[in-house]
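Architecture at a glance
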Amino acid sequence: MSSTTYSSSFSWRDWVHPIVAGLISVLVNYGGTFILVFQAAKVAGLSPALTASWVWSVSIGVGVTGLVLSWRTKVPVITAWSTPAAAFLVTALATTPYEQAVGAYMISALLFVLLGLSGWFERLIRWIPPGIAAGLLAGILLQFGIKAFGGMSVDPWLVGTLIVAYIVLKRFTARYAVVGLLVLGLALLFVLDRVELQGVSLQFAAPVFTMPAFSLNALLSVALPLFLITLTGQYMPGMLVLRNDGYHTNASPIVSVTGLGSLVMAPFGSHAFNLAAITAAICTGPEAHEDPSKRWIAGVAAGVFYIAVGVFGVTLAAVFMALPATFITTLAGLALLGTIGGSLASALAEAKTREASLITFLAAAANIQFLGIGGAFWGLVIGLCAHVALHVPFTRRR
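Presented here is an overview of the structure given in this document. (Residues numbered from 1 in each chain as written. Predicted model: local features only at pLDDT ≥ 70, side-chain atom pairs only at ≥ 80, totals over all residues. Heavy atoms only, no water.)

1. Some thoughts on the overall build of the protein chain
Selection rule: Secondary structure elements follow DSSP: runs of H or I no shorter than four residues count as helices, runs of E no shorter than two count as strands, and numbering proceeds from the N terminus. Working rule for contacts: check all heavy atoms of both residues, and any pair within 4.5 Å makes them a contact. Computed with a 1.4 Å probe, the accessible areas rest on the Shrake-Rupley method; for each residue, only the protein chains presented here act as cover.
Secondary structure summary: the protein chain contains 18 helices and two strands in total. Of the contacts made within the protein chain by residues no fewer than 6 positions apart, 85% connect residues no fewer than 24 positions apart. Here the protein chain has roughly 17000 Å² of accessible surface; of this, 70% comes from carbon and sulfur atoms.

Encoded structure:
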């Protein structure tokens, strides 16, 4: 459970901000990275029915697990599909039969269930110093902050308007800045006719069961890489996001529940879902609600939105992806400004550990890609090595 003191009194204002935060996190996920799922499905040669089933299974699974975990723990537990795993599958599915890939999904999910039950992951997270965790989070999120302003080179009028609107809203109504930015941005897109909705029709998705097949090749080339990529690229930074915002929820049930959900949904096409990292920060920080004990509503809201997308399959996913990429990246970056600033301040607050935390921040921001493992993992490894070298005393044998 979180160390936060919970308040049982709610007003209608307490619901607005976390619900909008949940909506933004879902919008950023579908609008920013979900195209990888469609690319992987195309590489695998999946039919429209199997592709829709993949969308259904991963959306429903993410929605249900996030909703249940947030409700039970009263902590904003934001779940999502594994983005680095989806990127990996764009190439892996080209040489792996789909039935064997489904079997590999199940093996990977089972490993997460066992990892959660063992309690090993929880112990590992507790060993990471707070300054290192804050530096890692700031480094991971830095790219989103840069992209918020980098879009000026591509779409200066839209991005410039959003930035000016955010500053004005922050000056006169700081609490409603993100809410106002979302409403204003969507209204601007429709007025300018910047949303391509031609050909989008409302359709229900239908799950399609695929009998899994198991092979040594799929185990080594899909299941194990999928497990390692999701563990290092999603669960590790996702858990540190929660810890950085003061939530000390036990990691083991989260890993077990999401792993079990992935196991159940795998035969319907879901590759993996897990604890979110980037989009979680939108819901765990002060922008979601000034009272940490009420941010769990964002997790429940995100779960409901994911389920809604799952019910209508590729339809709503297509609507989200129809929004301009610059709008998505600018909205995400501006919504994360507070978290980036707070994380960086925490990382550099203590003079003694400042250098190791700064190294972690820069290494994570560099987004090192090595041995098929993403930048979050290498940023953490480099930061921990720096922390040990600079601060752990070396004893000499006599």
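2. Describing the nonpolar core
The line we're drawing: In this text, buried Ala, Val, Leu, Ile, Met, Phe, Trp, Tyr and Cys residues form a nonpolar core when linked through side-chain atoms within 4.5 Å. Each residue's exposure class comes from its accessible area (1.4 Å probe, protein chains only) as a fraction of the maximum for that residue type: buried when under 20%, exposed when over 50%, partly exposed otherwise.
Of all hydrophobic cores here, the largest spans 110 residues; its most connected members are Trp54, Leu89 and Phe121. Per-element tally for this core: the top contributor is helix 10 (residues 216-244), with 13 residues. What Phe121 contacts, discounting residues up to four positions off in sequence, is Leu115, Leu231, Tyr235, Met236, Met239, Ala251 and Val255.

3. Considerations on the packing of helix 10 against helix 11 (residues 251-265)
Applied cut-off: Interaxial angles span 0 to 180 degrees and are taken between N-to-C directions of axes, which are lines fitted to C-alpha atoms, for helices over the stretch in contact. The labels follow the angle: roughly parallel below 35 degrees, roughly antiparallel above 145, roughly perpendicular from 65 to 115, and oblique for the rest. Take the far helix as the reference: if the near one is turned anticlockwise from it by less than a right angle, the crossing is left-handed, and if turned clockwise, right-handed.
In the contact formed by helix 10 and helix 11, the axes pass within 12 Å of each other and the chain directions differ by 135°. In this view, helix 10 runs oblique relative to helix 11, as classed from their interaxial angle. Along this stretch, helix 10 crosses helix 11, giving a crossing that reads as right-handed. Judged by residue contacts, Tyr235, Met239, Leu242 and Arg243 of helix 10 engage Ala251, Ile254, Val255, Thr258 and Gly259 from helix 11.

4. Remarks on the packing of aromatic side chains
Condition: Ring pairs are drawn from Phe, Tyr and Trp, using the six-membered ring of Trp, whenever the two centres fall within 6.5 Å, and their geometry is named by plane angle: stacked under 30 degrees, edge-to-face over 60, tilted for the rest.
One pass over the structure, following the stated rule, counts seven aromatic pairs. Between Trp71 and Trp296 the ring centres are 5.7 Å apart and the planes differ by 80°, which places this aromatic pair in the edge-to-face class. Within this pair, whereas Trp71 is found in helix 3 (residues 48-73), its partner Trp296 is found in helix 13 (residues 296-311), the two being separated by 225 residues in sequence. An angle of 45° between the planes, with centres 4.6 Å apart, marks the rings of Phe112 and Phe227 as tilted. With Phe112 in helix 5 (residues 98-118) and Phe227 in helix 10, the pair connects residues that are 115 residues apart, well separated along the chain.

5. Section: unusual backbone geometry
Even without being glycine, Lys74 reaches a positive phi, approximately 55°. If you trace the backbone, Lys74 turns up in the loop between helix 3 and strand 1 (79-81). We classify Lys74 as partly exposed; its relative accessible area is 26%. Within the chain, Asn367 stands out as a residue other than glycine whose phi angle is a positive 55°. Tracing the chain through its elements places Asn367 in the loop between helix 17 (354-366) and helix 18 (375-391). The exposure class of Asn367 is partly exposed, given its relative accessible area of 42%.

6. A closer look at helix 3
This is how the line gets drawn: Multiplying one less than the number of residues by 1.5 Å gives the expected span of a helix.
Helix length check: helix 3 (26 residues) gives 37 Å between terminal C-alpha atoms against 38 Å at 1.5 Å per residue, within 8%. When you tally the buried positions in helix 3, you get 19 out of 26 residues, the bulk of the element. Two residues or fewer past helix 3, Lys74 is found with a positive phi of approximately 55°.

7. Examining the pattern of salt bridges
This is how it is decided: By salt bridge we mean one thing: a side-chain nitrogen of Lys or Arg within 4 Å of a carboxyl oxygen of Asp or Glu.
Per the stated rule, a full pass over the model turns up one salt bridge. Between Arg243 and Glu122 there is a salt bridge, and its shortest N-O distance comes to 3.1 Å. Of the two residues, Arg243 sits in helix 10 while Glu122 sits in helix 6 (residues 120-126), which places them 121 residues apart along the sequence.

8. With respect to helix 16 (residues 337-348)
To keep things clear, this is the line we draw: Arc, as used here, means the arc of the directions from the helix axis to the C-beta atoms.
Here helix 16 contains twelve residues, and its C-alpha end-to-end distance of 17 Å stays within 8% of the 16 Å for a straight helix at 1.5 Å per residue. Among the residues of helix 16, Thr339, Ile340, Ser343 and Ala347 are the ones counted as buried. Along the axis of helix 16, the buried positions cluster into a sector of 100°, meaning they face one direction only. Elements that come into contact with the buried residues of helix 16 comprise helix 7 (130-150), helix 10, helix 12 (278-284) and helix 17.

9. Considerations on the environment of Lys147
Looking at the element boundaries, Lys147 is found in helix 7. Once the C-alpha coordinates of Lys147 and Thr329 are considered, the two residues, 182 residues apart in sequence, prove to be 6.1 Å apart.

10. Observations concerning a nonpolar patch on the surface
Threshold: Patch membership requires over 30% relative accessible area and the absence of a salt bridge. Like charges are linked within 9 Å, and nonpolar side chains (Val, Leu, Ile, Met, Phe, Trp, Tyr) within 5 Å.
A cluster of nonpolar residues, Leu110, Leu114 and Leu117, forms a patch on the protein surface that exposes about 310 Å² of accessible area. Positionally, Leu110 belongs in helix 5.

11. A short note on the environment of Asn29
For Asn29, the position within the fold is in helix 1 (residues 12-33). C-alpha of Asn29 to C-alpha of Trp81: the two residues are 52 residues apart in sequence and 8.8 Å apart in space. Non-local contacts of Asn29, meaning those with residues more than four positions away in its chain, are made with Phe34, Ala80, Trp81, Thr279 and Tyr306.

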